[in-house]
Amino acid sequence: MPESWLAWNIQFCRFSVVQLEQAGVARRIIVAIKAQIHSGAYRPGDRLPSTRAFAAEWGASRTTVMAAYSQLDAEGYLITRQGARAIVAPGLERVSGEAPIAAASPRNLSAFAQRLLALPPLAEQQPAKVADFRYGDLSGADFPVLAWRRASNKAILQRAARLRYGDPQGSSVLRTALQAYLWRARGISCTPDQIVVVNGSQQGLDLCARLLLDPGDRFVIENPGYLLARHAFAAAGGIAVPVAVDADGLRTDALPPARLAYVTPSHQFPLGGVLSARRRRALLGWATASGAYIVEDDYDGEYRHDIAPIPPLQTLDPDSVIYVGTLSKTLSPTLRLGYLVVPTGLRRVFSEAKRLTDRHAPMLEQDAMAELLASGAYERHVRSIRRKNAERREVLLQALADRLGPRVTVAGADTGLHVVAWMDGIAAEREPAIIAAARTAGIGLYPVSPLYDPSGPRPETAGFILGYAGLDTEALRRGVAVLATILAERRFGPARGRGSR
């Protein structure tokens with residue numbers, strides 16, 4: 001056999017193997033892109049990565065990717081043009097007729113994961129088009145764009161010689177600025193070392209749950225109260241002990257033994273009561289006697305309308321209270337910046353837990369926030385949005401009085417960014433029907449009843465939490481007008497009684 005023929009045959013076999021391998025990669029690329037289109041990850045008109053970028057990501061040749069794109073073009077999935085990135089062809093929607101891939105049952109889940117899955121899911125709704133009264137939202141027009149841009153630019157330009165992980169408690173510059181701000185705005189006396197910067201107050205609550213509760217430990221929580229706090233403590237294995245609230249906040253006349261109490265004393269969520277001085281003393285005495293910690297969530301302490309500033313519990317007993325603050329109600333809930341003020345004895349354990357959770361909060365945002373505080377821009381912004389939200393509150397209250405009059409009882413309007421509207425004469429069972437009718441009309445309504453302990457009594461009167469900070473005055477008037485029309489045009493059964501509120 002001639003050597004030249006043998007060499008040619010070997011080369012041909014190698015070429016064939018390469019071709020087969022490339023064909024296999026191309027098939028995998030085609031299947032993967034189709035799956036992305038069918039699942040809705042890529043929608044009609046979306047641009048795909050360039051062939052060069054796709055080839056680099058998949059470790060394939062550009063020729064192979066071009067062949068896959070060409071095949072998808074031929075099948076009508078993509079539109080390709082020379083010199084331009086491929087796009088998903090119009091008319092291709094998510095394929096719902098295909099049988100979904102069955103999810104395998106999770107194996108060897110931890111007890112924490114099992115407790116998490118046992119919690120009732122929290123449904124997320126799309127924002128209503130006419131007026132969405134979802135509490136917690138802020139108006140995008142209120143965000144201090146120019147001040148934040150200046151602060152962010154300054155933080156970016158101050159480039160460190162080395163990019164490295166930071167202090168898990170947060171930037172020392174930000175903690176120093178926060179310490180000064182908390183003293184000025186809330187009367188809190190602490191050191192920067194007592195402050196832990198977290199990714200929003202929810203992470204702060206999660207740290208409290210995991211560091212202060214063991215499975216089977218009891219925790220006191222307001223009833224009704226903040227569901228995500230309850231879920232954080234329950235996921236850690238805590239057993240909820242719901243305690244009723246009234247116009248003076250948490251009822252402290254018969255507090256049960258527990259390891260922890262979660263409270264919103266300056267503006268009870270959701271009903272709006274302010275914890276009275278007598279009950280504050282009683283709660284702190286209970287904590288001292290039982291060796292428990294109090295987690296004080298001051299989620300909207302910057303907003304006071306008709307009452308004097310309410311001093312935090314932390315100012316009365318810094319050794320028993322963990323103070324939780326957030327920037328979600330003043331700057332933006334998308335920013336994910338919050339902070340804890342912890343007793344000195346808890347500083348190290350919270351710092352180490354934060355390190356293990358995510359090392360530290362994003363440094364750029366911390367540096368920008370520190371600049372906002374140091375320059376005075378943050379406090380000017382707070383004064384500005386306090387005035388704007390006071391105006392929104394007045395418009396909402398006036399609209400409720402004009403449109404619904406004696407048919408509505410409003411609670412919790414003295415502070416904060418929401419009110420509770422009780423629909424007198426309408427049974428709580430009719431809440432879903434009212435919510436559905438409002439949603440059809442473009443109005444987002446959110447009931448109070450799910451915030452009550454599921455094992456206990458719930459109010460018999462329909463009630464809704466009306467957040468107003470995310471709406472302009474015209475949308476507030478329009479939303480209340482539509483709600484009044486819905487209530488007037490439809491028959492809703494009378495409540496069996498006023499029930500607990």
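This is a predicted model, so every value here is computed, not measured.

**A word on the packing of helix α2 (residues 51–58) against helix α3 (residues 62–74)**
And step 1. One way to put it is that α2 packs onto α3 with a least axis distance of 8 Å and a crossing angle of 115°. Between α2 and α3 the crossing geometry is right-handed. Residues Thr51, Arg52, Phe54 and Ala55 of α2 touch α3, and the partners they reach there are Arg62, Val65, Met66 and Tyr69.
And step 2. Within the contact of α2 with α3, the residues separate by chemical class into 5 nonpolar, 1 polar and 2 charged.

**Quick word on the sheet that holds strand β9 (residues 293–297)**
And step 1. Taken in spatial order, the 8 strands of this open sheet run β4-β11-β10-β9-β8-β5-β6-β7, and their pairing is mixed. The sheet is open, and its two borders are formed by β4 (195–198) and β7 (249–250), each paired with just one other strand.
And step 2. Sheet topology note: the strand β6 (residues 239–246)/β7 ladder contains 2 bridges and is antiparallel. Looking across to β7, one finds that Val245 is bridged to Leu250.
And step 3. Seen against the sheet, helix α10 (residues 347–358) touches β4, β10 (321–326) and β11 (338–341) and runs at an angle of roughly 20° to β4.

**Topic: the environment of Ala177**
And step 1. Within the secondary structure, Ala177 is located in helix α6 (residues 172–186).
And step 2. Assessed through its relative accessible area of 14%, Ala177 is described here as buried.
And step 3. Not counting chain neighbours up to four residues away, the residues in contact with Ala177 comprise Ala370 and Leu373.

**Overview of the sheet that holds strand β15 (residues 461–467)**
And step 1. Strands sit in the order β12-β13-β15 across an open sheet of 3 strands; the sheet is antiparallel. A strand with exactly one partner marks an edge of an open sheet, and here the two such strands are β12 (408–411) and β15. In this sheet, adjacent strand axes meet at a mean angle of 25° when their direction is disregarded.
And step 2. Pairing of strand β13 (residues 418–427) with β15 involves 7 bridges; the strand directions are antiparallel. In the sheet register, Val419 faces β15, and the bridge partner there is Leu466.
And step 3. Those strands touched by helix α13 (residues 431–440) are β13 and β15, and its axis lies near 40° from that of β15.

**Here we look at the packing of aromatic side chains**
Describing an aromatic ring pair means giving the distance of the ring centres and the angle of the ring planes.
And step 1. Tallied over the entire structure, the rule returns 9 aromatic pairs.
And step 2. Their ring planes at 50° and their centres at 5.2 Å tell us that Tyr135 and Phe269 sit as a pair that is tilted. Pair noted here: Tyr135 is in the loop between β3 (131–132) and α5 (145–157) and Phe269 is in the loop between β8 (260–263) and α9 (277–290), with a separation of 134 residues, a long-range link.
And step 3. Tyr135 gets classed as partly exposed once you look at its relative accessible area, which sits at 27%.
And step 4. When the centroid spacing of 5.8 Å and the interplanar angle of 90° are considered together, the rings of Phe269 and Tyr299 count as edge-to-face. Taken together, the positions of Phe269 in the loop between β8 and α9 and Tyr299 in the loop between β9 and β10 put the pair 30 residues apart, joining distant regions of the chain. Take Phe269 and Tyr299: they sit in the same class, and that class is buried.
And step 5. Ring pairing ties together the aromatic residues Tyr135, Tyr226, Phe269 and Tyr299, which thus form one cluster.
And step 6. The cationic tip of Arg359 hangs over the ring face of Tyr165; the distance from NZ or CZ to the ring centre is 3.9 Å.

**A closer look at α5**
And step 1. Given a rise of 1.5 Å per residue, 13 residues ought to cover 18 Å, and the 18 Å separating the end C-alpha atoms of α5 matches this to within 8%.
And step 2. Buried within α5 we find Ala147, Trp148, Ala151, Ser152 and Ala155. Relative to the axis of α5, the buried residues are bounded by an arc of 125° and lie together on one face. Away from its buried face, by an angle of more than 90 degrees, α5 presents the exposed residues Leu146, Arg150 and Leu157.

**Side note on the state of the cysteines**
Chemically, a disulfide is nothing more than a covalent bond linking the sulfur atoms of two cysteines.
And step 1. A full pass over the atoms with the stated rule returns 0 disulfides.
And step 2. You can see Cys190 has no disulfide; the closest cysteine sulfur is in Cys208, sitting 15 Å from it.
And step 3. For Cys190, a relative accessible area of 8% corresponds to the buried category.
And step 4. For Cys208, a relative accessible area of 0% corresponds to the buried category.

**Here we look at the pattern of salt bridges**
And step 1. Taken as a whole, this structure holds 18 salt bridges when the rule is applied.
And step 2. Asp453 serves as the salt-bridge partner of Arg230, at 2.4 Å between the closest nitrogen and oxygen. One end of the pair, Arg230, is in helix α8 (residues 227–235); the other, Asp453, is in the loop between β14 (443–444) and β15, and 223 residues separate them in sequence.
And step 3. One salt bridge connects Glu474 with Arg478, and the closest N-O pair in it is separated by 3.8 Å. Pair noted here: Glu474 and Arg478 are both in helix α14 (residues 473–489), with a separation of 4 residues, about one helical turn.
And step 4. Overall, Glu474 belongs to the partly exposed group, its relative accessible area being 43%.

Calculation rules
- Residues numbered from 1 in each chain as written.
- Predicted model: local features only at pLDDT ≥ 70, side-chain atom pairs only at ≥ 80, totals over all residues.
- Heavy atoms only, no water.
- Axes fitted to C-alpha atoms, helices over the stretch in contact; angles between N-to-C directions.
- Helix = DSSP H or I, 4+ residues; strand = E, 2+ residues; numbered from the N terminus.
- Left-handed = near helix turned anticlockwise from the far one by under 90°.
- Contact = heavy atoms within 4.5 Å.
- Nonpolar A, V, L, I, M, F, W, Y, C, P; charged D, E, K, R; others polar.
- Pairing = 2+ DSSP bridges.
- Buried < 20%, exposed > 50% of the residue type's maximum accessible area, 1.4 Å probe, protein only.
- Phe/Tyr/Trp six-rings, centres within 6.5 Å; stacked < 30°, edge-to-face > 60°.
- Lys NZ or Arg CZ within 6 Å of the ring centre and 35° of its normal.
- Expected span 1.5 Å × (residues − 1).
- Arc of directions from axis to C-beta.
- Disulfide = S-S within 2.5 Å.
- Salt bridge = Lys/Arg side-chain N within 4 Å of Asp/Glu carboxyl O.

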